[in-house]
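# Analysis of the macromolecular model
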Amino acid sequence: QVQLVESGGGLVQPGGSLTLSCAASGNIFSTDVMGWYRQAAGKQRELVAQILSRGSTYYDSSVKGRFTISRDNAKNTVSLQSDSLVPEDTAVYYCNVWRRVSGSSGIDFWGQGTQVTVSS
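Residues numbered from 1 in each chain as written. Predicted model: local features only at pLDDT ≥ 70, side-chain atom pairs only at ≥ 80, totals over all residues. Heavy atoms only, no water.

### Thoughts on the overall build of the chain
Going by this rule: Strands are runs of DSSP state E lasting at least 2 residues, helices are runs of H or I lasting at least 4, and numbering of each runs from the N terminus. Every radius of gyration here is taken over C-alpha atoms, with the globule rule written as 2.2 Å times N^0.38, N being the number of residues.
Scanning the chain from terminus to terminus reveals 0 helices and 11 strands. Starting at the N terminus and walking to the C terminus, you meet the elements of the chain as β-β-β-β-β-β-β-β-β-β-β. By the compact-globule yardstick of 14 Å for 120 residues, the chain fits well, its C-alpha radius of gyration being 14 Å. With respect to the principal axes defined by its C-alpha atoms, the chain has extents near 45 × 30 × 25 Å.

### Thoughts on the layout of surface pockets
Under the convention used in this document: Grid points spaced at 1 Å over the protein atoms alone were grouped into cavities, where a 1.4 Å probe fits but cannot get out, and pockets, open sets with protein on both sides within 12 Å along at least five of seven lines, with lining residues defined by an atom within 4 Å of a point. Grid points are joined across faces, edges and corners, and a volume is the space filled by probe spheres set on the points. Residues are grouped as follows: Ala, Val, Leu, Ile, Met, Phe, Trp, Tyr, Cys and Pro are nonpolar; Asp, Glu, Lys and Arg are charged; every other residue, Gly included, is polar.
What the largest pocket holds in volume is close to 150 Å³. Around the largest pocket, the lining residues are R38, Q39, A40, K43, Q44, E46, E88, D89, T90 and A91. For the lining of the largest pocket, the per-class residue count stands at 2 nonpolar, 3 polar and 5 charged.

### Re the sheet that holds strand β8 (residues 77–82)
Strand-to-strand pairing in sheets goes through backbone hydrogen bonds, with the strands running parallel or antiparallel. To keep it simple, the criterion reads: A pair of strands is labelled paired if DSSP reports no fewer than 2 bridges between them. Helix axes use the C-alpha atoms of the stretch in contact, all axes being lines fitted to C-alpha atoms, and the angles between their N-to-C directions lie in the range 0 to 180 degrees.
Taken together, the 4 strands give an open sheet; going across it, the order is β1-β3-β8-β7, and neighbouring strands pair in antiparallel fashion. Each having just a single partner strand, β1 (3–7) and β7 (67–72) make up the two edges of the open sheet. Looking at each pair of strands side by side, their axes are set apart by 15 degrees on average, direction ignored. In this sheet, β8 lies alongside β7 in antiparallel orientation, the contact comprising 6 bridges. Pairing of R71 across the sheet is with V78, part of β8.

### Observations concerning unusual backbone geometry
Note the cut-off: For each residue, the accessible area found with a 1.4 Å probe, counting protein chains only, is set against the maximum for its type, and the residue is called buried under 20%, exposed over 50%, and partly exposed in between.
With phi around 55 degrees, N76 is a residue other than glycine that occupies positive phi space. With respect to the helices and strands, the residue N76 is situated in the loop between β7 and β8. For N76, a relative accessible area of 22% corresponds to the partly exposed category.

### A few points about empty space enclosed by the protein
Counting across every chain of the model gives 1 cavity of 30 Å³ or more. In this structure, the largest cavity occupies an estimated 60 Å³ of space. Taken together, L18, T19, L20, F67, L80, Q81, S82, L85, Y93 and V116 form the lining of the largest cavity. Counting residues per element, the ones that place at least two in the lining of the largest cavity are β3 (18–25) and β8. In terms of residue class, the lining of the largest cavity is made up of 7 nonpolar, 3 polar and no charged.

### A closer look at the nonpolar core
Cut-off, in case you're wondering: The set of buried Ala, Val, Leu, Ile, Met, Phe, Trp, Tyr and Cys residues whose side-chain atoms join them within 4.5 Å is what this entry labels a nonpolar core. The contact criterion used throughout is that any non-hydrogen atoms of two residues lie within 4.5 Å.
In terms of nonpolar packing, the biggest core is built from 27 residues, with W36, L80 and Y93 touching the most fellow members. Elements that contribute at least two residues to this core include exactly β3, β4 (33–39), β5 (46–51), β7, β8, β9 (91–99) and β11 (114–118). Among residues more than four places away in sequence, those in contact with Y93 are E6, L20, W36, Y37, R38, V48, F67, L80, G113, T114 and V116.

### Points about the state of the cysteines
Short version of the rule: For the purposes of this analysis, a disulfide is any pair of cysteine sulfur atoms at a distance within 2.5 Å.
Evaluated as defined, the whole model comprises 1 disulfide. Each disulfide pairs two cysteine sulfurs, and for C22 the partner residue is C95, the sulfurs being separated by 2.1 Å. Note on the C22 and C95 pair: the S-S dihedral is about -85 degrees, so by sign convention the disulfide is left-handed. Residue C22 is found in strand β3, and its partner C95 is found in strand β9; the two are separated by 73 residues along the sequence.

Below, the structure is given as structure tokens:
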């Protein structure tokens, strides 16, 4: 069984910094994609960033240039860091692991979420 636990959320001033961390336990495959989603109040959950095992990354246009995703394969952790948060970043952030499954669209594992609030 795979379990994902997020940490690091909180209240931050606009222009401030924050690092979110996710610890994965269980049977994590080396080919699994790790990433972060977020869901703001009244909106759908959206992909923020993803990182492959060898370090290739993807960022949504709303955070590209402001956020950095990283992973430690030995520790099965993934982090999301920003030094320039804006109020629009306010959301619940969810850690995600996507696993490719032959003959299907894959399988997702989710953390419980951590609240990030960017406000004065």
